[in-house]
Structure formats: structure tokens, C-alpha cells
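Below, each chain spelled out in residue letters.
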Amino acid sequence: MILALTSFIEELRAVGVPVSMVEAIDAAHAVAHIDLADRQALRAALAATLVKQARHLPAFEAAFDVFFGTASSPEPAPGEPTIASGAAAASGGSGGDGAEELMAAIAAALHAGDEAGLRDLVRRAVNELSGLQPGRPVGGRYYFYRVMQRLGVDRLRQQLIEAIAVEEALAHRIATEDIAAMLELLEVEVRREVVRRLVADRGPQAVAQTLRAPLLEDIDLMHATRDELARIEAAVGPLARKLATRLAQRRRHGRKGRLDVRRTIRRSLQHGGVLLDPSFKPPRKSKPELVLLCDVSGSMATFARFTLQLTFSLAAQFSNVKVFAFVDALDDVTRFFGPGRDLAAALDQLASEAKIVWQDGHSDYGHAIDDFVAGHLDKVTPRSTVLITGDARSNYRDPRVEAFADIAAEARAVYWLNPEASRYWNTGDSVMARYAPYCDAVREVRTIRQLEQFVEDLILPPSPALRAVALAQSRQ
Amino acid sequence: MSFEWTSPAEIADSFKKYGYLADGHISQVVYLADRLQKPILAEGPAGVGKTELAVTLAKAAERRLVRLQCYEGLDEAKALYEWNYHKQLLRLQADEGKPWDDLEGDIFGEDFLLTRPLLDAITSPEPVVLLIDEVDRIEIETEALLLEVLDSFQVTIPELGTITATSRPLVVLTSNNTRELSEALKRRCLFLHIGYPSVDRERAILLARVPELSETMAARIAKVVRSVRDLKLRKAPSVSESIDWARTLLALGADDVEAGVTGDTLGVLLKYQEDIDRAAKELELPVADDGS
């Protein structure tokens, strides 16, 4: 058991879930108190001792299925799939007679809520339809999708939804969700069974490696799938709230203000006039003003979206936020955003109503910066922090560095967030290096973790004097 | 060392008596906390029964509940102990003229100590359940204050020395996850994430909490609540809100959850006007005309 536990912990660490030595020891203690045959108990014990953040739980679940999924399998697998059945499965296109019959039985088991029956059927399905061959180094996801596709799960979903008899919207929605929940159960079972088979064949370490997925905060935003983006979007909300609380606390407790004489004397009366307990005025809060310039062309739009989402969740941390969007022309789009406004709707509006395209709809940083200097430079004050998001790929047009310098001269600080990996900067049409000398910092921000770190730094910016020194140095 | 329970199933049973439905995961973690003498850190959205867990734990174990409500600015004097300053002053005045050495020993004795929840929990002659509620509200520096109590069940008072627990409390910390807790604190705890319940579990909770509810109504309510939680809302309805909603529907005499009555009572489930508007739109509910 200890051996299994240590390799399980190694896997968790490899995915990025931090597990300390003490926690590992706790896990070993916990395991001593439970019934090892009870998978649910083992799962609870390990989750409670090894995972200390809710957002790491999915990674834990995945690894757990690989390492301990087989432990309590009620009966041995009914023989490894033969090459013949694998070949037959491979040749018979999607959904042969066997598959349809099997699917009907599975649907019946799902309706009846018969878990044991469902498990048997799924076992059969994986056996007959996955085409799984011992020793072939193929990722687990492949077999999963193959089984699901050959069973015709999507078709079943369609049929079930079409068969819903009720008209009323609410009831219809509920029925649809019932179907989704039911099919998800099937999905989970198939996934487990595939993993179980693979582990039996190749051992847990190898399988875990093929199934490894990055933690949410480490997913590259530029290359995220639609599904990942949805999950990230859902995660940004709570993350921003968390960040806001932390920042508000830090500001409040950063330093004490001047002595509050009136309150100190009033308090001293309790102690017979002895000034035991001095009281201080809270310091005046200085909140930064934020001017955001977002490149919303093509792939940059995704990134701009997360920046905007995070910024507006933190609106209370800034005294004023102005948003400008550009592709090759720039427009003030602040009016679309604001407390209570729906971000998705705002982005739609932005795309249809804002004047952000001038000529051909390819990014032109130079022209956008000219637009800003011509029309909006007065919105940058010595209290404003200017934040630019984009890859600085200006399609070989004049970057207008002089105009950019004008903005930098007015602002309190200028930051550039580049969602591209820093090794690609200044290759091709990227002119990052031209702008960099006028920025207080240029950051590579490809993941939510980096974005979070940046926003935290942003809200406690360097003092103006330090900034002048740093800028002077960087320009030499 | 004696333990409260012999198996997780026993925990689930005794919790049920007090109207708390612990699923396998929760009862297993509580069981381990009892065995390993470790605090439970319960985390999850507001209103899923984190505090309720501690309250029920106290009832089921027949222990007194000591509660420390955390808030920003909570300090040693409010959490651990405080010297009873006024009493000390009075003592000094009453004993005027005595030599200093006598006085010093006197006024820093246990008589002059005001116990606050943490000290109370470990000095209690009977074992207690200690609930440290919303621990994410205190500053990260203040967390350090809890560490000594949580891992060795002792409190060090400079003038008195170290006070060790006479009885081991069962400790539950709750967090709404508004900020990351420190590693040091997390390491000392068993982590328990309580999320929104599944439809089946929510139905069971509704039936346990609102016994007058019929089976079918409970199932319907649970399903509508699931739909509402699936929407992108500022604040998704919590379990306590769905219980409130069930009571509301009962009071209105509704015998089915259809669109009309759902629309009229959305305000019980959702607490932001924008959320109500959105839910009404997405679920195609008629909304009560409130003149706005």
C-alpha cells in the first residue's frame, strides 16, 4: 500500500498539485484507519489529506481512478479483448448491429438506474467496441471517444431530447438536464472502464502520463480548447473575488496613518486618563486609475476578454477604469462595460458597434496609438496606470514609438501584457522591443496564474520616484 | 484515548437524527478527524451547510459548541485570552502599600484572565467542539495565532506559561474561499470540500428539512434549482435558499413547481435583481410585475 501511495503522490506532484511531506505522512496515517476495500473511503481519506484546494480536485480524481480504480473492481475482467474482436471492431464502421443492441440495453439500464447492470454492459461495450490492443501505446482518451462514438451516444442524446413530450420551457429544460445527467453517468463509467483496462495492461504510471492534463491555472490561453476556455471563464470569477479581498486587506493594513488625538484621548478616559491605547487615523486610500488598451483582433480577443473580466471584477480596487479597444483603429468602449453589465453582451456590442477597424482589420499598433494620442491623451493623468494587452504584432507597419512615448510620459506607469511566449517576441512582425523601453514592465501572461500575479503587483505599484529612476536606466 | 465513533456509517446515522445528511465523503472525513485528532477545514460556497456541520457534530457527540466567529481585525485579545485590565487596576488600588513582588504574582494569575473561545475550548474540563467560522476573513498574519492551538492543542501565555489542553476538542474550520489560506494552516487540517449537492442529495436534504414536502415536490424543486445553478449568475442559490424556497412554495399551497409560481418566487432563490432577470429570461419564466 505504501508503494502505491508514494507513486500516487508522485503523480499528483507531477501534475502540479503540491503535496508536502507532512501531508504524505498524514495520508499514510489516514489510510491505516480505513477499510481498504472501500474505494469511497480511500478516496475520501486521500482527498482530505493530500488535496488542499478545491480546484485541484479534478486532477486528484483523475489520478485516483488510474491508481486505485482497479482495487475494488467487484469481479475480474472477463478476459482481455482478443485481437480478433479488436480487428472486427476496427473494420465495422460506426454502430454495427452489436453496438445498437448494446446501446439499447445500456439505455434501459440507465432508465432503471441499475448501476451494476450498467457496469457490466459498459464492460462489454469497451470489450467489443474500443479496439483496444494490448501493448499499443495509445492515449486513453482515444479509446474513450471511440467507444462513445461507436455506441452512438450522441445519437441517443438527440433521440431522447426529441422524444421529450412536454412543451413548457421549464419542464423541457429539466427533462433535457435529466438526460444529460444520465448520459454523464455513462460517460464516467466508460472512462473508468477504459482506464481500468489500460492500467491492467501497462501499469498506472504509464497511463497516468497519457491522461495528464495541466491544471486550470496553467492552461495556455492562446491554445486553449473551447471547453477549457469555458472552465477558465467560470474560474476567473471566484479568483477575482479572492484577489479583490486580498488586495483590499493589504491596502487597509499596509501602514498606519497619523495619530488620531481626539480618539486617543477619548479612549484614555477608560484607563483614568493614561494614554495607553493610541488610535490612528486610517491612511487615505489612493486607488490607481486604470486605462486599458486591448488588442481585440483574432486570437488576442480571448486574452483581452480575460483581462477585462478580471479588471471589472476588481473594479472596486480602481478609482476609475477606461477601456479602449483596437484592431487597426481605436475606440473608447468604456460605455459597454460597468458594474452589472454582462461581459459577453458587452463584447458582442463591442464587436458590432465600436469603431475599431479602419482599413483592413489587421492589427496596426501604430495607428491605434496615434488615434489614442489624438483623441484621448487627456484621459491619461499622472495617477493613471496604462495597461496594454496584445502581442505587438503590427503587420510590419510603423509602430509610432514616439507617440507611445508621449503616452508613457503622461502616465504613472505603463504595463504591457503579452500573451505570446517570450521566446517568440521580436520575431517576424513583433515589435515588442521597440515599445519595451517605454514600459515599466512587459510581462508574458499566458496563463491565469500569470495574470493573477500581475494584477496583484499592479495594484501596489512602485512609487513615482523609483519609477523615474528605473525608466532612466532602461532607456540608456 | 477514546474515540467518539466506531465507523463512518455510525456518524452518518447519528447526524441524520439531527437533520443533517452527511454523504459518504463527509462522514468519512469526520471519522478520520476523530481518529487522527486533526481539525477539519470545510470549504465551499456559502450556504451549503459548513457551519451546520460543526453544529451537528456538537449535537451528535453531545459536546458543548465553542464558536469563534472570525472577522477582519480579529486579534489575540478576542480569540485567545485577555488580561482583565479593570480587575487588575482595582486589585492594585485595593492592595496599595503591599510590596511589588507580591502584587506582580497576584495580578497575573488565572483569576485575572479572561478566556476567549480558543483558550476556552482547550481548558474546558469536558471535551468540546470548536468551530472557527469563516477563517478566511482574518488576515494572513493572524492565522499564525491559530497554529499552536490547532496542532498541539496548547496556548502559550507569556506571564503564565503554556496551557495544555485538558481535553481534546474536535475542531471544524470553515472557509468561503475568499482568499487562499496559508500553507501552514492547511497542512494541519483535513480538507473537506462541500459543493452544491447532487439532485438526489438535495431532494433528500429538502425532505429532511421540510418534512411536510411531498416526494415529487422535493424532486421537482431540486431539479429546478439545478437548472438555476447551471446559469451564469452572480450568486447561485445555496442549499439554505432552496430550503427557504421549498417552505415558500408550501406556504403558497403550490402543489407543483410550474413556471408561473417559479417566476413569482424567484426572489427567494436569487438575491440580485440582475440574476432574477437573467434566470427569468433563460428559463422563460413569467416574472411578477413589481412596477420596476
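Residues numbered from 1 in each chain as written. Chains lettered and ligands numbered in written order. Predicted model: local features only at pLDDT ≥ 70, side-chain atom pairs only at ≥ 80, totals over all residues.

### Re helix α1 (residues 2–15) of chain A
Residues and elements named next belong to chain A. If you check α1, its first and last C-alpha atoms are 20 Å apart, about what 14 residues at 1.5 Å a residue would give, namely 20 Å. Listed as buried for α1 are F8, I9, E11 and L12. Seen end-on, α1 carries its buried residues on one side only, within an arc spanning 155 degrees. In α1, the exposed positions angled more than 90 degrees off the buried face are occupied by I2 and L3. Those residues of α1 hidden inside the fold are in contact with α2 (21–32), α3 (39–50), α4 (57–68) and α11 (204–211). Looking one or two residues beyond α1, the residue adopting positive phi is G16, at roughly 115 degrees. (Helix = DSSP H or I, 4+ residues; strand = E, 2+ residues; numbered from the N terminus. Expected span 1.5 Å × (residues − 1). Buried ≥ 20, exposed ≤ 12 C-beta atoms within 10 Å, placed from the backbone. Arc of directions from axis to C-beta. Contact = placed C-beta atoms within 7 Å.)

### Regarding the interface of chain B and chain A
Taken together, the contact pairs 31 residues of chain B with 30 residues of chain A. When residues of the side of chain B that touches chain A are assigned to their parent elements, the largest contribution, seven residues, is made by helix α2 (residues 24–36) of chain B. By residue class, the composition of the side of chain B that touches chain A is 11 nonpolar, eight polar and 12 charged. (Nonpolar A, V, L, I, M, F, W, Y, C, P; charged D, E, K, R; others polar.)

### Thoughts on the sheet that holds strand β5 (residues 413–418) of chain A
Residue and element names in this part refer to chain A. Pairing in this open sheet of six strands is mixed, and the strands run β3-β2-β1-β4-β5-β6 from one edge to the other. Only two strands of the sheet have a single neighbouring strand rather than two, namely β3 (330–332) and β6 (441–444). Within the sheet, the average angular offset between the axes of one strand and its neighbour, ignoring direction, is 20 degrees. Examined bridge by bridge, β5 and β6 share four bridges and lie parallel to one another. Paired with Y415 across the bridge in β6 is A441. Contacts from helix α16 (residues 365–376) reach β1 (289–295), β2 (320–326) and β3, with the element oriented near 40 degrees to β3. (Pairing = 2+ DSSP bridges. Axes fitted to C-alpha atoms, helices over the stretch in contact; angles between N-to-C directions.)

These figures capture arrangement, not role.
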